[in-house]
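# Survey of secondary and tertiary structure
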Amino acid sequence: MTFEPVKPEDLSPLFPDELIKQEMSNDKFIDIPEDVHDVYRLWRPTPLIRAKRLEKLLGTPARIYYKYEGVSSTGSHKPNTAVPQAWYNAKQGTKKVVTETGAGQWGSALAFASSLFGLQCEVWQVRASYDKKPYRKLMMQTWGANVHPSPSDMTEAGRRILESDPSSPGSLGIAISEAVEVAATNTDTKYCLGSVLNHVLLHQTVIGEECLKQMEAFGDIPDVIIGCTGGGSNFGGLCFPFIREKLKGRIDPLIRAVEPTACPSLTKGIYAYDYGDTACLTPLMKMHTLGHDFIPDPIHSGGLRYHGMAPLVSHIYELGLMEAIAIPQTECFQGAIQFARTEGLIPAPEPTHAIAATIREAIRCRETGEAKVILMAMCGHGHFDLPSYDNYLQGNLVDLSFAEEKLQGSLAKIPRLVS
């Protein structure tokens, strides 16, 4: 650890040159390559839908809209960045890409994108999700990826975790360590990340840019914008273009992030420099973090089980441009059932957090009589998450949290920087 600012050459073992440039760019806009645009046309633009039936069920004067990313080839927002990442890697001559995945949405997206551009793909999936979500693994394998449970005995990082806890459920931080280790030790291999980093959030802003035009076509302006947060890509993708317009004084929405109570990096973490992975292989990033050593309980929202938060999301949170709340998973699944039985779509466990927060806001509007416009990020479908719904419907789903001692122990291991 040098405690020096990271330089482009420091990142070159992991990322292709163009993505490194995007990570450090000060440009307001970066053009989407035509080859990427051509793939996007398979599902973009994604629909913005008025949730009139949910409004009726709740008896609210609020107008609820949701931007639905579940129509993509893999069923979530993740291909928005997987496709450009695979394309830039293929263009530079990369032979193989490696990555981590939680619930499997990101791994599926990268496997899909790799198949389009002739790349080999290897994925380390968090053990808890690997066991609970076998069809996501099959999706990845269908598109040609090799999939391993994490922690695994294939890397030094994985073996260290298994030695201390042979039954470890894994975490995104551990899976990142395994994938980064493989990329850093193989010259023909690059690493791809599905969230957190600047270039990932940049690619995802296609969501918000479309949504601005769609809301204009509806003749509505959002008063409240709500999205779930794990690493921040879905939330940032929808919200950042609206924040730009807010900073220009054109609109003034309240922007609310929603995270699981079992992994609340914004509401319970601290703002500090910390590693993005468990084995301390990544550069230090200034972000809200529960500590790189924090392993969340195995909640059903596998994509939100990350100890940190995107530095850009953390920054705007510190600036007071957004707020954050945490909601337990039973309330989230209750909201998901209401949503499914009115709007007809079965949400992935991750956006159920946004649904629960949207229902809370709509009920407040019912009580106050305010006819607010609520915009919600609906980042994917839950067709491969039905065992989670079965647990809820059978009354077996419980709310998970963590002991304060566990959090304090993890926070104590965050590097202390002295100026």
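What counts, and where the lines are drawn
Residues numbered from 1 in each chain as written. Predicted model: local features only at pLDDT ≥ 70, side-chain atom pairs only at ≥ 80, totals over all residues. Heavy atoms only, no water. Buried < 20%, exposed > 50% of the residue type's maximum accessible area, 1.4 Å probe, protein only. Helix = DSSP H or I, 4+ residues; strand = E, 2+ residues; numbered from the N terminus. Arc of directions from axis to C-beta. Contact = heavy atoms within 4.5 Å. Core = buried A, V, L, I, M, F, W, Y, C linked by side-chain atoms within 4.5 Å. Disulfide = S-S within 2.5 Å. Salt bridge = Lys/Arg side-chain N within 4 Å of Asp/Glu carboxyl O. Pairing = 2+ DSSP bridges. Axes fitted to C-alpha atoms, helices over the stretch in contact; angles between N-to-C directions. Patch = residues over 30% accessible without salt bridge, like charges linked within 9 Å, V, L, I, M, F, W, Y side chains within 5 Å. Areas by Shrake-Rupley, 256 points an atom, 1.4 Å probe, with all protein chains shown as cover. Lys, Arg positive; Asp, Glu negative; His and termini not counted. Right-handed = clockwise from strand over helix to strand, strands pointing away.

## Focus on helix H2 (residues 17-24)
All of the buried residues along H2 are Leu19, Ile20, Gln22 and Glu23. On an axial view of H2, the arc spanned by its buried residues comes to 160 degrees, and they lie on one face. Where H2 is buried, its residues meet helix H1 (8-11), helix H5 (79-92) and helix H11 (198-204).

## Notes on the nonpolar core
One finds Tyr191, Met215, Leu238, Phe242, Val313, Met322 and Leu375 to be the most contacted residues of the largest nonpolar core, which totals 51 residues. Among the elements that line this core, the one with the most residues is helix H10 (residues 172-184), at seven residues. When sequence neighbours within four positions are dropped, the list of residues in contact with Met322 reads Phe235, Ile255, Ala257, Leu266, Val313, Ile316 and Tyr317. Ranked by size, the runner-up nonpolar core spans 25 residues in total, among them Tyr40, Ala86, Trp106 and Val123.

## What to know about the state of the cysteines
Counted under the stated rule, the structure contains zero disulfides. The closest cysteine sulfur to the non-disulfide-bonded Cys228 is located on Cys379, 4.1 Å from its own sulfur. The exposure class assigned to Cys228 is buried, which follows from its relative accessible area of 4%.

## Considering the pattern of salt bridges
For the structure on display, the rule yields 24 salt bridges. Its salt-bridge partner being Glu210, residue Arg44 comes within 2.8 Å of it at the nearest N-O pair. Taken as a pair, Arg44 in the loop between helix H3 (34-40) and strand S1 (48-50) and Glu210 in helix H12 (residues 206-218) lie far apart in primary sequence, 166 residues in all. Glu210 matches Arg44 in its accessibility class, with the two residues each being buried. Between Arg159 and Glu156 there is a salt bridge, with its nearest N and O atoms 3.4 Å apart. Linking Arg159 with Glu156, this pair stays in helix H9 (residues 156-164), spanning three residues, or about one helical turn.

## Observations concerning the sheet that holds strand S2 (residues 63-68)
Ordered in space as S1-S2-S12-S7-S8-S11, the six strands form an open sheet in which the pairing is mixed. If you trace the sheet from one side to the other, it starts and ends with S1 and strand S11 (323-327), each paired once. Within the sheet, the average angular offset between the axes of one strand and its neighbour, ignoring direction, is 25 degrees. As paired elements, S1 and S2 share three bridges and run antiparallel to each other. Looking at S2, one finds that Leu48 is bridged to Lys67.

## A word on a nonpolar patch on the surface
Together, Phe3, Tyr273 and Leu417 give the surface a local cluster of nonpolar side chains, amounting to about 290 Å² of exposed area. Within the fold, Leu417 resides in the segment after helix H19 (404-411). Take Leu417: its relative accessible area is 39%, and that puts it in the partly exposed class.

## Some words on the side chain of Asp277
For Asp277, the location among the structural elements is in the loop between strand S9 (270-275) and strand S10 (284-289). Buried charge without a partner: Asp277 forms no salt bridge, and the closest opposite charge is Arg160, 7.3 Å away.

## A word on the pairing of strand S4 (residues 120-126)
With respect to burial, S4 is a largely interior element, six of its seven residues being buried. The pairing of strand S3 (residues 96-101) with S4 spans six bridges and is classified as parallel. Bridge assignment links Val97 to a residue of S4, and that residue is Cys121. Between the parallel pair S3 and S4, the chain is carried across by helix H6 (residues 105-117), and the sense of this crossover is right-handed. Direction of pairing for S4 relative to strand S5 (residues 146-150): parallel, over a ladder of five bridges. Bridge pairing in S5 places Val126 opposite Ser150.

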